[in-house]
Amino acid sequence: MAEIHLKSLAHSYNRNAEKPEYAIREMDHVWHDGGAFALLGPSGCGKSTLLNIISGLLKPSDGEVLFNGVKVNDILPQDRNIAQVFQFPVVYDTMSVFDNLAFPLRNMGAGDAKIQSKVSEIAEILELTDVLKKKAANLTADEKQKVSMGRGLVRDDVSAILFDEPLTVIDPQLKWKLRRKLKQIHQKFKTTMVYVTHDQLEASTFADKIALMYQGQVVQFGTPRELFEQPNHTFVGYFIGSPGMNFLEVKRCEQGVCLGDKIFPLNDLEKQALQMIDSNNLKVGIRPEFVHVWDDADDSAYRAEVEFVEDLGTYKIVSLRLGEHLIKARLQEDQKVPKEHAFISFPEQWLMLYIDEFLVAKDDHNEEN
Ligand SMILES: Nc1ncnc2c1ncn2[C@@H]1O[C@H](COP(=O)(O)OP(=O)(O)OP(=O)(O)O)[C@@H](O)[C@H]1O
């Protein structure tokens, strides 16, 4: 197992072009030894590129990849001791399921007893025991992908296991089950695992920590809760949550920042940041879950017009018009649904200030990044 450090890493597929474009923009990132991580982000943000750089399928144009402090840039993929599971099954059709699973172990010279016990163990977890003797060619697509995953999981001496959207071809029912199984496997073997996905639910159920990528960089690395409660960039706010965070453009005013004639009070750190950074790109962000919706006026509440209500079964999302802004609020099942207008307020604790799209921390306890 290994700690994987990406040091001043950058990658361009057309580095020699007059104006090279960077799929990975310079970044530093550490995947700690033994963690279960998700690499989450929209299509084209650079997830697969990053994974292929770690496994060695791609050589970065700049920077270093370090495994436990040792530079591996020039080490071939097969010598990096990494297992990689791809989006589509990679199995040997002519071999039995047992032989497919045994393949990585035989390659490393494992003895028969070890092969037998590891293959049985992994087959049992992935519910492949009944098909061990079957030819891989005769399996369903789901089963083939389980075999592919099993081949990634069967060795316990790997530095890391990289999963590149491994559940794409899997039936939705089984997807959920396999995610739980992967989590169990991680808890049992504690191998460093990096799981690429563009699905936030998949990332949150699998990973202890999520690296959210945007335009070739990791913009936030934290627990699912940290990404939800304190998105450190407006993109994280938009991308995480369903629906995403509300952002309101605000202006500087004497007591803090203002939306029309309403003042959003700031704490000392936020005020300091506002003084230090000379920018008028100012936004406040609040999650729909934290917007309070009232029937009656109150000093701190804004009157907003109800535009529409979406009923999502166990909760409702109400869209409220406040001047030029459309604000979404999440109402619990038992909450009264406003008809034409409502009063909304934003609890200070959950109101975040963004300057030039970056969060101004409310306190000094910076999360490890
Ligand atoms: N082989 C390649 N040659 C040139 N450009 C590439 C190549 N592979 C990827 N790119 C570009 O690099 C950027 C990052 O792509 P990458 O596939 O890493 O993103 P991704 O986040 O994995 O996307 P997806 O979720 O759609 O797979 C994109 O702009 C893509 O067009």
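What counts and how
- Residues numbered from 1 in each chain as written.
- Predicted model: local features only at pLDDT ≥ 70, side-chain atom pairs only at ≥ 80, totals over all residues.
- Heavy atoms only, no water.
- Pairing = 2+ DSSP bridges.
- Helix = DSSP H or I, 4+ residues; strand = E, 2+ residues; numbered from the N terminus.
- Axes fitted to C-alpha atoms, helices over the stretch in contact; angles between N-to-C directions.
- Disulfide = S-S within 2.5 Å.
- Near = heavy atom within 4 Å.
- Polar contact = N/O pair within 3.5 Å; in protein donor to acceptor, adjacent residues only side chain to side chain.
- Nonpolar A, V, L, I, M, F, W, Y, C, P; charged D, E, K, R; others polar.

In the annotation of an unreviewed UniProt entry, the protein is listed under the name Carbohydrate ABC transporter ATP-binding protein, CUT1 family and assigned to Psychromonas ingrahamii.

Undergrad: Can you help me understand the sheet that holds strand β12 (residues 251–253) in this one?
TA: Adjacent strands of a sheet form backbone hydrogen bonds with each other and so pair up, either parallel or antiparallel. Read from one edge to the other, the open sheet built from 3 strands follows the order β12-β13-β14, with strand pairing classed as antiparallel. With partners counted over all chains shown, the strands left at the sheet margins are β12 and β14 (262–265), one partner each. On average, each strand axis in the sheet is inclined to that of its neighbour by 45°, with strand direction left out of account. Taken together, the 3 bridges between β12 and strand β13 (residues 256–259) define a ladder with antiparallel strand orientation. Looking across to β13, one finds that Arg252 is bridged to Val257.

Undergrad: What exactly am I supposed to notice about the state of the cysteines here?
TA: By definition, a disulfide links the sulfur atoms of two cysteines through a covalent bond. A full pass over the atoms with the stated rule returns 1 disulfide. Two residues share a disulfide in this structure: Cys253 and Cys258, whose sulfurs sit 1.9 Å from each other. As the torsion about the S-S bond is roughly 80°, the Cys253-Cys258 disulfide counts as right-handed.

Undergrad: Mind showing me how you'd approach the site of the ligand here?
TA: Taken together, the residues surrounding the ligand are Tyr13, Ala23, Pro42, Ser43, Gly44, Cys45, Gly46, Lys47, Ser48, Thr49 and Glu165. Interatomic distance of 2.5 Å between a side-chain N/O atom of Ser43 and an oxygen atom of the ligand. One of the backbone nitrogen or oxygen atoms of Cys45 is found 3.1 Å away from an oxygen atom of the ligand. Looking at the shell around the ligand element by element, the count peaks at 3 residues for helix α1 (residues 47–55). The class makeup of the residues in the shell around the ligand is 4 nonpolar, 5 polar and 2 charged.

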